[in-house]
Amino acid sequence: MNLDLAEEVLTLADVQPQLISTLVVHGDGALAFPAPAGAKFNAVTEGSCVLTVTGLEPIPLRAGDVFLLTRPAGFTLSTSPEAEVRPASPFFHGDNRRSAVVGSPADPVSARLIGGSFEFGGRARQLLLDWLPPLVHVPRQAVSALAVHQTLDRIDRELQDDAFGSRIVVQRLATIMLVDLLRHLVASGTEQRGWLGGLTEPATAAALRAMHADPARPWTVQQFAEVAHVSRSTLAARFKQTVGQGPLDYLTQWRIELGADRLARTEQNIAAIARDVGYGSEAAFSLAFKRVTGRAPGAYRREVRSLAVRS
C-alpha cells in the first residue's frame, strides 16, 4: 500500500478522532446508537454482543472483534435478544462521557467495548468513505488485522491507566487504527473500489502513484499506461474496474480536492491555485470546480471561511 497516497487522502479529509470511550454491559442489555456524522468504530474487549445496523444483517461480535461503520446509519449493540432496547445517549453524558455502565455491577460483565468516532472536516472525505463498504467487520483471528488489534490494545491500556497525556495519546492512536484498518482491507483481498481498490492492482496503483506525485502535469491515458507498463486500453479497463471511474475522471476529482483544500486553508489567489493543481487558466479551473462541487471557487472559499468562524 502506498502510504504517501493514503496520507494525502487522510490529510485532505481532515480526519478528526472524537471522544473515545468505554462501555460495560452487565447482564442483559441493548443500546441504540444514532447515525454517526462521520465514521464510528467499536471493539469488543470482553464478552460478546450482537451488532445490528439499519438495513444490514445482524453480526455476532466476540472479544477481539472490531467494526467500522462508514455510513450515517443507526445501530444497536445487544447482549441478549430479550433485552429492552434503550437509547445510548443518556448513558454517555456529564461525567460518564468517557465511560458508561449498563446494568447492575452485581451482575457479571456480558460485554465490554471501546468505541469512538471520526469526523471529517474536508471535502476529500468522499474519497475516503464513499468507496468503503458500509460496514467493515474485522474478526480477532484476521491475520492481516494484527496491527489493528495491537493499536486497540494500546488504546485500552491508555484508557484504563488514565496516565499523563493519555487523552492525547488515545486520539493519535485512533488515527493510527484507522490507517491500520485501511491496510487490513487492502491486505485481506476484500474487493474495494476507489483509490483504495486501485492500490490492489499493480498497473492501476502505478498510475495512481504517478498522478498523486504530479497532479498538475497534463496527463493523458497513454502516459499513465506507459508509467504502468501496459497498453492504453488495458490501463483504462483496469483503472475503471478497480477505481470505479476512468483515470482522467479520477485525476479531475483529485485536482478539485487539492484546489478546495487550498481555497479553505490558504490565501492563494484562485489563478495561482488553478495553475498549481493543473489548470491552464482560472476560468478552466472555475468551470471544473463548479461542475464537481456545485459552487464557484470564490463562493466555496467564502462558505468554508464563514463556517470556520461560526464554529
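Up top you'll find the structure we're talking about.
As the structure is a prediction and not an experimental result, all values here were calculated from the model.

A short note on the overall build of the chain
Scanning the chain from terminus to terminus reveals 12 helices and 11 strands. In the chain, which comprises 311 residues, the proportion classed as buried is 49%. Relative to all contacts within the chain whose residues are 6 or more apart in sequence, the contacts with residues 24 or more apart total 75%. Of the roughly 14800 Å² of accessible surface on the chain, a fraction of 52% belongs to carbon and sulfur atoms. Charged side chains of the chain number 32 positive and 31 negative; the gap between the two group centres comes to 7 Å.

Things to note about unusual backbone geometry
For D14, which is not a glycine, the phi torsion comes out positive at approximately 55 degrees. When you line up the elements, D14 lands in the loop between helix 1 (3–13) and strand 1 (15–17). On the accessibility criterion, D14 (25% relative accessible area) is partly exposed. Positive phi outside glycine occurs at H229, with the angle close to 60 degrees. Tracing the backbone shows H229 in the loop between helix 7 (221–228) and helix 8 (232–243).

Regarding the packing of helix 6 (residues 202–213) against helix 7
The N-to-C vectors of helix 6 and helix 7 enclose an angle of 115 degrees; their axes lie 8 Å apart at closest approach. Note that helix 6 runs across helix 7; the crossing there is right-handed. Taking contact as the criterion, the partners of A203, A206, A207, A210 and M211 in helix 6 are, on helix 7, F224, V227 and A228. Looking at the contact of helix 6 with helix 7 residue by residue, the classes come out as eight nonpolar, no polar and no charged.

Digging into the packing of aromatic side chains
Under the counting rule described, the total for this entry stands at nine aromatic pairs. Between F33 and F75 the ring centres are 4.8 Å apart and the planes differ by 5 degrees, which places this aromatic pair in the stacked class. One end of the pair, F33, is in strand 3 (residues 30–33); the other, F75, is in strand 7 (residues 75–78), and 42 residues separate them in sequence. Side by side, F33 and F75 carry an identical accessibility label, which is buried. Judged by relative accessible area, which is 12%, F33 ranks as buried. Within the aromatic cluster, the residues linked to one another by ring pairs are F33, F67, F75 and F92. Of note, R217 hangs over the ring of W219, and the distance from its end group to the ring centre comes to 4.1 Å.

Looking at the side chain of H212
Residue position: H212 is located in helix 6. The class of H212 is buried, set by a relative accessible area of 6%. Within polar-contact distance, the side chain of H212 engages the side chain of W254 at 3.5 Å. Setting aside its immediate chain neighbours within four residues, H212 contacts L5, E8, Y250 and W254.

Examining the nonpolar core
Within the largest apolar cluster, 73 residues are counted, with the highest numbers of intra-cluster contacts made by F118, L128, W195, Y250 and F285. The dominant element in this core, judged by the number of residues it contributes, is helix 4 (residues 166–187), at 10 residues. Apart from the residues within four sequence positions on either side, L128 is in contact with V9, L10, V15, F120, L182 and W195.

A look at the environment of V15
Turning to its location among the elements, V15 is positioned in strand 1. Note: C-alpha distance between V15 and F120 (105 residues apart in sequence) is 4.8 Å. Excluding residues within four positions of it along the chain, V15 makes contact with L10, F118, E119, F120, L128 and L178.

Thresholds, definitions, all that
Residues numbered from 1 in each chain as written. Predicted model: local features only at pLDDT ≥ 70, side-chain atom pairs only at ≥ 80, totals over all residues. Heavy atoms only, no water. Helix = DSSP H or I, 4+ residues; strand = E, 2+ residues; numbered from the N terminus. Buried < 20%, exposed > 50% of the residue type's maximum accessible area, 1.4 Å probe, protein only. Contact = heavy atoms within 4.5 Å. Areas by Shrake-Rupley, 256 points an atom, 1.4 Å probe, with all protein chains shown as cover. Lys, Arg positive; Asp, Glu negative; His and termini not counted. Charge placed at Lys NZ, Arg CZ, Asp CG, Glu CD. Axes fitted to C-alpha atoms, helices over the stretch in contact; angles between N-to-C directions. Left-handed = near helix turned anticlockwise from the far one by under 90°. Nonpolar A, V, L, I, M, F, W, Y, C, P; charged D, E, K, R; others polar. Phe/Tyr/Trp six-rings, centres within 6.5 Å; stacked < 30°, edge-to-face > 60°. Lys NZ or Arg CZ within 6 Å of the ring centre and 35° of its normal. Polar contact = N/O pair within 3.5 Å; in protein donor to acceptor, adjacent residues only side chain to side chain. Core = buried A, V, L, I, M, F, W, Y, C linked by side-chain atoms within 4.5 Å.

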